[in-house]
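Residue-level structural notes
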Protein chains: 2
Amino acid sequence: MTRWDPNGATRLQVAAFELFDEQGFDKTTIAEIADRAGFTPRTYFNHFVDKREVLFTLAVPYQEAVVKGIIEGPNLASPLDEVVHAIQQACEELFEGRREAALRRRRVVDQHAELVERELSKMAALTTAIASALRERGTDRETAQLTAGAANLVQQEAFLAWAEPSETRQLRALLSDALKALRSTVR
Amino acid sequence: MTRWDPNGATRLQVAAFELFDEQGFDKTTIAEIADRAGFTPRTYFNHFVDKREVLFTLAVPYQEAVVKGIIEGPNLASPLDEVVHAIQQACEELFEGRREAALRRRRVVDQHAELVERELSKMAALTTAIASALRERGTDRETAQLTAGAANLVQQEAFLAWAEPSETRQLRALLSDALKALRSTVR
């Protein structure tokens, strides 16, 4: 296994989320994560700068995918429909079929105030990026800001539903349902 | 001036926001803040634990006022109308007529990543508190969560408009307008 293994990051993530969930974030060492994934700690540091980063590494490709989807996506009934469509595609690309890992990650983040704070910062950055992408498409400032915020609510609600043990629907359907629920709430 | 002066906290706040805005948050000392307000540093520490706290001291009474307004407020057309009504009352109580201080505070917070993070945490806490208050009124979990998130968007948008130098309307009107804008965006 060389340091260029393209699946290395994913294997390290899966191992990290398992260990964090089993024995706690604080008690897990980088050596243990690397070992469970079949790597040396050096390989870990080729992918992530520290122990926290493995939890947030999808934030950048996710944001990029959402922004690309908004800028290049089809014209739909409203900017909010366009953003939710872009989120659905990004989720399909990055999260669908990885529910177990996502749930483990959620449990770990929710238990640490400083990880929750970092998560809030990432969500705020995503909301800002969505609003900028909409501005590029010609949406006015206020509509762009409110649409980005509303899309963020839809996304949070869908991920919350996805985390329910009894939930069997895919993220795409959960996002559509959350959008319907927001529309009925705000009406 | 004794340590029990009920206006002490407000005078210290006004002095702190002025100094932070004039010479920067990092360069301002607690001794300078106390001096400008006509107090000793000891009086400052009777009100606030550190230099940051003076910026966030209204978060608790504001959250309490909003929650009280939701629980004791009138039945309106929807939970979102009820929450925005409670926010309007809390804003009138705590912020109306204090626009200059609020704008100074905003400029300081926006320039420091760690203050922005703390602000995001306070907003997340407020959203959670609003959702809990709605649950107490009998609103289902999903509607309570989405309503609280939507109310937070309305509030952010209204405060953003309030910060425009040319803006002359009161917060109450800006909140009503932001609610209308959200409705038209989400429709």
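Calculation criteria
Residues numbered from 1 in each chain as written. Chains lettered and ligands numbered in written order. Predicted model: local features only at pLDDT ≥ 70, side-chain atom pairs only at ≥ 80, totals over all residues. Heavy atoms only, no water. Helix = DSSP H or I, 4+ residues; strand = E, 2+ residues; numbered from the N terminus. Rg over C-alpha atoms; globule rule 2.2 N^0.38 Å. Buried < 20%, exposed > 50% of the residue type's maximum accessible area, 1.4 Å probe, protein only. Contact = heavy atoms within 4.5 Å. Areas by Shrake-Rupley, 256 points an atom, 1.4 Å probe, with all protein chains shown as cover. Lys, Arg positive; Asp, Glu negative; His and termini not counted. Charge placed at Lys NZ, Arg CZ, Asp CG, Glu CD. Least-squares fit on C-alpha atoms with pLDDT ≥ 70 in both. Axes fitted to C-alpha atoms, helices over the stretch in contact; angles between N-to-C directions. Parallel < 35°, antiparallel > 145°, perpendicular 65-115°, else oblique. Left-handed = near helix turned anticlockwise from the far one by under 90°. Nonpolar A, V, L, I, M, F, W, Y, C, P; charged D, E, K, R; others polar. Buried area = accessible area lost by both parts, 1.4 Å probe. Salt bridge = Lys/Arg side-chain N within 4 Å of Asp/Glu carboxyl O. Polar contact = N/O pair within 3.5 Å; in protein donor to acceptor, adjacent residues only side chain to side chain. pLDDT = per-residue confidence, 0-100.

As a further point, take the overall build of chain A. A count of helices and strands for chain A gives 10 helices and zero strands. For chain A, the succession of helices and strands along the chain, N to C, is α-α-α-α-α-α-α-α-α-α. A compact globule built from 187 residues would reach a C-alpha radius of gyration of about 16 Å, and chain A, at 18 Å, matches this within 12%. Overall size of chain A, expressed as C-alpha extent along the three principal axes, is 50 × 35 × 30 Å. When burial is assessed residue by residue, chain A has 46% of its 187 residues classed as buried. The contacts of chain A with a sequence gap of at least 6 include a subset with a gap of at least 24, amounting to 66%. Of the accessible surface of chain A, which amounts to about 9,300 Å², a share of 51% is contributed by carbon and sulfur atoms. With 24 positive and 28 negative side-chain charges, chain A shows a spacing of 1 Å between the two charge centroids.

Its location among the elements puts A:Val84 in helix H6 (residues 79-94). With residues up to four places along the chain from it excluded, the contact list for A:Val84 reads A:Val154, A:Leu175 and A:Leu179.

Take the relation of the copies chain A and chain B next. Structural alignment of chain A on chain B gives an RMSD of 0.0 Å, achieved by rotating through 180° and translating 0.0 Å along the axis. The operation mapping one copy onto its partner corresponds to a two-fold rotation axis. Interface overlap between copies: 100% of the residues of chain A at the interface are likewise at the interface in chain B, consistent with a symmetric, same-surface contact.

Next up on the list: the packing of helix H9 (residues 141-162) of chain A against helix H10 (residues 171-186) of chain A. Residues and elements named next belong to chain A. Axis separation between H9 and H10 bottoms out at 8 Å; the angle between their running directions is 125°. Considering the angle they form, H9 stands oblique to H10. Seen from above, H9 lies across H10 with right-handed handedness. Between H9, through Ala 150, Leu 153, Val 154, Gln 155, Glu 157, Ala 158, Phe 159, Ala 161 and Trp 162, and H10, the contact on the second element is made entirely by Leu 171, Leu 174, Leu 175, Ala 178, Leu 179 and Leu 182. Residue composition of the contact of H9 with H10, grouped by class: 13 nonpolar, one polar and one charged.

What follows covers the interface of chain A and chain B. Accessible area lost when the parts come together is the quantity often used to give the size of an interface. Listed per partner, the contact involves 23 residues of chain A and 23 residues of chain B. For chain A, the biggest contributors to the area lost against chain B are A:Leu146, A:Thr185 and A:Val186; these three give 30% of the whole. Taken together, the connections running from chain A to chain B amount to two salt bridges. Close ionic contact of B:Arg141 with A:Glu157 constitutes a salt bridge, the shortest N to O distance being 2.7 Å. Viewed at the interface, chain B and chain A are joined by four residue pairs in polar contact (both at pLDDT 80 or more). Going through the elements one at a time, helix H8 (113-136), H9 and H10 of chain A are the ones with two or more residues in the side of chain A that touches chain B. With 11 residues, the top contributor of residues to the side of chain A that touches chain B is H9(A).

Residues and elements named next belong to chain B. Among the structural elements, Glu 119 can be located in helix H8 (residues 113-136). Overall, the relative accessible area of 15% leaves Glu 119 in the buried class. Setting aside its immediate chain neighbours within four residues, Glu 119 contacts Phe 56, Arg 105, Arg 106 and Val 109.

Residues and elements named next belong to chain A. Within the element layout of this structure, Ala 129 appears in helix H8. As for Ala 129 and Arg 141, which are separated by 12 residues in sequence, their C-alpha atoms are 13 Å apart. Those residues within four positions of Ala 129 in sequence are excluded, and the remaining contacts are Gln 63 and Val 67.

All right, on to the confidence of the model for chain A then. Per-residue confidence for chain A averages 93 on the pLDDT scale, and 97% of its residues sit at or above 70. If you check the scores for this complex, the pTM reads 0.88 and the ipTM reads 0.86.

With that settled, consider the environment of A:Gln23. Residues and elements named next belong to chain A. Along the chain, the position of Gln 23 falls in helix H1 (residues 8-23). A sequence separation of 120 residues divides Gln 23 from Thr 143, and the C-alpha atoms of the two residues are 45 Å apart. A distance of 3.2 Å separates a polar atom in the side chain of Gln 23 from a polar atom in the side chain of Thr 28. Within the structure, Gln 23 has its side chain in polar contact with the side chain of Glu 32 (distance 3.2 Å).

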